[in-house]
Amino acid sequence: MIGNNDSRLKKVAGFDIPCVEGWIKENIGNLVPPFEWFPLDGGHSNLTYRLKDIHGRQVVIRRPPVGELLPGAHDMRREWKLISSLSRAGFKVPRALGYCDNTNISDASFYIMSLIEGYTLHNSKQVIERVSEGKRVVLAHSLIDTLANLHAIIPDEVELGDLGKKDNYLGRQLKTWYRSWVSSAQSAQYDDTRAHELQQYFLNHMPKQNFVRVVHGDYGLHNCLIGSDARILGVIDWEIATLGDPLADLGYILKSWPETKEDISANPDGVFSAGGFPCRSEMAKRYSDHTGFNISEIDIYIGFNWWKSAAILHGVYARYLEGKKNSKGVDLENLRRRIGSALDAAEQTINEYKRKCT
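Residues numbered from 1 in each chain as written. Predicted model: local features only at pLDDT ≥ 70, side-chain atom pairs only at ≥ 80, totals over all residues. Heavy atoms only, no water.

Notes on the sheet that holds strand β5 (residues 110–114)
Reasoning step 1: Strand order in this open sheet of five strands is β1-β2-β3-β5-β4, and the pairing throughout is antiparallel. Looking along the sheet, the strands with just one partner apiece sit at the ends: β1 (36–39) and β4 (96–100). Strand-to-strand twist in this sheet, taken as the mean axis angle between neighbours without regard to direction, amounts to 25°.
Reasoning step 2: Relative to strand β3 (residues 58–63), strand β2 (residues 47–52) is paired through six bridges, and the arrangement is antiparallel. Across the sheet, residue T48 finds its bridge partner in β3, namely R62.
Reasoning step 3: Here helix α1 (residues 17–27) sits on the sheet in contact with β1, β2, β3, β4 and β5, set at roughly 55° to β5.
Reasoning step 4: Along the sheet face, helix α2 (residues 76–88) touches β3, β4 and β5 and points at about 160° away from the line of β4. (Pairing = 2+ DSSP bridges. Helix = DSSP H or I, 4+ residues; strand = E, 2+ residues; numbered from the N terminus. Axes fitted to C-alpha atoms, helices over the stretch in contact; angles between N-to-C directions. Contact = heavy atoms within 4.5 Å.)

Let's talk about the pairing of β5
Reasoning step 1: Burial runs high along β5: five of the five residues are buried.
Reasoning step 2: Alternating residues of β5 divide into F110, I112 and S114 and Y111 and M113, and every residue in both groups is buried.
Reasoning step 3: Of the pairings in the sheet, the one linking β3 to β5 comprises four bridges and is antiparallel in character. Bridge assignment links I61 to a residue of β5, and that residue is I112.
Reasoning step 4: Sheet topology note: the β4/β5 ladder contains four bridges and is antiparallel. By the bridge assignment, A96 is partnered in β5 with M113. (Buried < 20%, exposed > 50% of the residue type's maximum accessible area, 1.4 Å probe, protein only.)

Side note on the pattern of salt bridges
Reasoning step 1: In the structure shown here, the tally under the stated rule is 20 salt bridges.
Reasoning step 2: Of the charged contacts in the structure, one is a salt bridge between K285 and D289, with a shortest N-O distance of 2.9 Å. Taken together, the residues span about one helical turn, with K285 and D289 both in helix α9 (residues 280–291) at a distance of four residues.
Reasoning step 3: In this structure, E322 and K324 form a salt bridge, with 3.7 Å as the shortest nitrogen-oxygen distance.
Reasoning step 4: When salt bridges with common partners are traced through the structure, they connect R62, E79, D237 and E239 into a single cluster. (Salt bridge = Lys/Arg side-chain N within 4 Å of Asp/Glu carboxyl O.)

In structure tokens, the structure reads:
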């Protein structure tokens, strides 16, 4: 039994180590405490740790953040069910090993999943350091093929048909993020007519949703674990996943994927700006070939995702100005510029789409 002076107790936020380790010993086979606990970056605000037992076996534990939560937010059972179902379907996710919602063990639910040894990528510098130029096509193809494989899964066939509402995905997203923009405008001391004009354009030209699939919502190399062969080993951070239009996921990943040298120059730090990657249109075609989905309106999805990014940044900026988030060390001027840049990209994408349609 771990004593109360165990130094680990002071280092691990959100977990009663003796209780949690006891539960793991009883419920997760072959793991022998005491564990070493290592915090993992990412995962939004959820608390995520890598655990290593006395024999060197490793798993990952995940729970909601400490403190009062919004209703329905940080639902660990939902995440656990999602990765359980996708794993059984053969998709590349960590294996779900156990779930606990016993308040005698922890004040919040948590789950245990397998550890996938891989790395994530967030910018061009990391790409240059970790992926040789000759392997970047392999990485790009694996990234798009993995997304296509996710969207080949029929939710009802893998017990995920109740994950969320199935229809009008873009409409629901537009309502949510436009409400965010409007409610944040006064606090942000920032409004832009394009935010309203683009919202109306998307309402008037919303593509028909032809399929219902699991939409990750934040799919990219920052949420994929990559192996030494530059192929995707697993997809992580499913907390905002829901059911909806799969092309929204495609639009999200493609919005940051350069098509021209000018695109690379405009975002030199972008993860796809390191050189050696296929262009955006090639990746869109590859996805379409794998899924059979019609992507003739993909520019609307790309423009929508830029507009949504602007709304998200706008809300964050407003919370900083209101003092609801600590702005120490935050470049607020740059954050404000990024809102405008996202709207610039949304407007440019939609204008280009209009020209193609004339």
